[in-house]
Amino acid sequence: MRKYCFALTALFLLNACGGGDTQLTEQQQVVVRNEITHSFDELTRAATTLDHERYLSFFDESKFSILNANGTTLTSLAEFKAFYIPQLEYIQAYNYLKFDSVNINVIDSRNAILVNEFSAEVILKSGEKIAASGAGAQFWSKRTGEWKLVHVSDAAKK
């Protein structure tokens, strides 16, 4: 009897510790996709309006990493800010930032991966225009109650 109680207790503990989501319904997945789409749209709007404080607010403060198109990595938001903020003084405006393809893969109610293809053109304060195109993958997490970026990877099109 004691072994039975121990085994039953162990099963309950394993179940409680698992805490993972069961399969989400299609409706639940739609809700997550809509929330991620809204966050992604707001992130994009912040970038194109040069609202850098708002832009950076979409990144997770404590859990963040990047795999850059050039093969380098950054493993914290502080590293990203040190790389990103100095570049801002050269940008005057965005002519456009377009997303040809955006796909959101819902993992569970708190995690999703957004994959996109983009093209952009910025005007530098010198008047020079710079165009870029590529693809990106973003890992969004809602572990803090808000959707935040915890990982970003990008690739340049040639």
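In this text, all values refer to a predicted model and were calculated from it rather than measured experimentally.

1. Points about the sheet that holds strand 6 (residues 148–156)
By way of backbone hydrogen bonds, the strands of a sheet pair with one another, either parallel or antiparallel.
In step 1: As summarised here, the arrangement of the six strands in space is 2-1-6-5-4-3, forming an open sheet in which the pairing is mixed. On the outer flanks of this sheet lie strand 2 (73–74) and strand 3 (91–108), each paired with one strand and no other.

2. What about the pattern of salt bridges?
In step 1: Counting across every chain of the model gives six salt bridges.
In step 2: One salt bridge in this structure joins K142 and E35, with 3.2 Å as the shortest N-O distance. Remark: E35 occurs in helix 2 (residues 26–48) and K142 occurs in the loop between strand 5 (129–141) and strand 6; sequence separation between them is 107 residues.
In step 3: Its salt-bridge partner being E42, residue R45 comes within 2.8 Å of it at the nearest N-O pair. With R45 and E42 both in helix 2 and three residues apart, this pair spans about one turn of that helix.
In step 4: Classification of E42 by relative accessible area gives buried; the value is 19%.
In step 5: If you follow the salt bridges from partner to partner, you end up with E42, R45 and R54 in one network.

Criteria and thresholds
- Residues numbered from 1 in each chain as written.
- Predicted model: local features only at pLDDT ≥ 70, side-chain atom pairs only at ≥ 80, totals over all residues.
- Heavy atoms only, no water.
- Pairing = 2+ DSSP bridges.
- Helix = DSSP H or I, 4+ residues; strand = E, 2+ residues; numbered from the N terminus.
- Salt bridge = Lys/Arg side-chain N within 4 Å of Asp/Glu carboxyl O.
- Buried < 20%, exposed > 50% of the residue type's maximum accessible area, 1.4 Å probe, protein only.

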